[in-house]
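Structural overview for review
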Amino acid sequence: SPSYLEEEQLETLFDIMHCDLNWETVEECTVECEPATLTMKKLHILQQQGVTRISLGIESLDDEVLRRAGRAANAEECIRSFHDIRDVGINDINIDLLAGLPGETDESWRQTVEQVIELQPDSVTLYQFELRQNSGFYTLQKAGHPIDLATWPEKRRFVDDGFAMLEAAGYTIVSGYMAVKNPMRWRSVHTLEQFWHGGDLLGV
């Protein structure tokens, strides 16, 4: 996540972008952030540099799930990061959740989604946990330490349940991964309505 950068590095990165891009024409600037790496100073820098949207990688709001996943922030710190983003004046926030992390249960997943709905983010993305070869979990399994992971049907059920809860709370599903609070404000929805007619869509 770009929020791993130090404050000075963030400022340098944006200084370079401001030199190479016509910033007056930028309608949206999104930065992905991980709660454990955010500070108020970093958030002020992002806001001052023209960031309009932050995608916050919370993943879960269950402390045991976060601990087993090796995440550096607990649930309370994740929620505090969300409020800190609002406090610096960045109002467009996406929350990333990861379904099927080790230790996830139907109850812990539902509680996470319920807490996210209470925060009222502008959008929520739901992804299914995948065991990648560059991950610590994969290394542990290769070394003979089995990890209790959710099956694909279980992960699909988590995602389906999560989207159903978001829809019941008034969110609109706009893709296989995302639900938005106000589709009339959502630029990609207008783009799809105007230009996309059911064919293949490639995002880069």
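All of the points below concern the structure found in this document. Just so it is clear, the model here is predicted, and its values are computed rather than measured. (Residues numbered from 1 in each chain as written. Predicted model: local features only at pLDDT ≥ 70, side-chain atom pairs only at ≥ 80, totals over all residues. Heavy atoms only, no water.)

1. Let's talk about unusual backbone geometry
Short version of the rule: In DSSP terms, a helix is any run of H or I states spanning at least four residues, a strand is any run of E spanning at least two, and both are numbered starting from the N terminus. Burial classes follow relative accessibility: with a 1.4 Å probe on protein chains only, a residue under 20% of its type's maximum area counts as buried, one over 50% as exposed, and anything between as partly exposed.
Unlike most non-glycine residues, Glu59 shows phi in positive territory, near 75°. Relative to the helices and strands, Glu59 resides in strand S2 (residues 53-59). Notably, Gln120 is not glycine yet its phi reads approximately 60°, a positive angle. Summarising the element assignment, Gln120 is placed in the loop between helix H5 (106-119) and strand S4 (123-128). Classification of Gln120 as partly exposed rests on a relative accessible area of 29%.

2. Overview of the sheet that holds strand S3 (residues 92-99)
Stated precisely, the cut-off is as follows: At least two DSSP bridges between two strands are required for those strands to pair. Residue contacts are defined here by distance: any two heavy atoms, one from each residue, within 4.5 Å place the two residues in contact. Here the axes come from fitting lines to C-alpha atoms, over the contacting stretch only for helices, and the angles between their N-to-C directions go from 0 to 180 degrees.
Here 6 strands make up an open sheet; going across it, the order is S1-S2-S3-S4-S6-S5 and the pairing mixed. The strands lining the two open edges of the sheet, one partner per strand, are strand S1 (30-33) and strand S5 (172-173). The sheet contact formed by S4 and strand S6 (residues 178-180) spans 3 bridges and is antiparallel. Paired with Ser123 across the strands is Val180, a residue of S6. In the packing of helix H7 (residues 152-168) onto the sheet, contacts are made with S3, S4, S5 and S6, and the angle to S4 comes to roughly 170°.

That is the geometry; function is a separate question.
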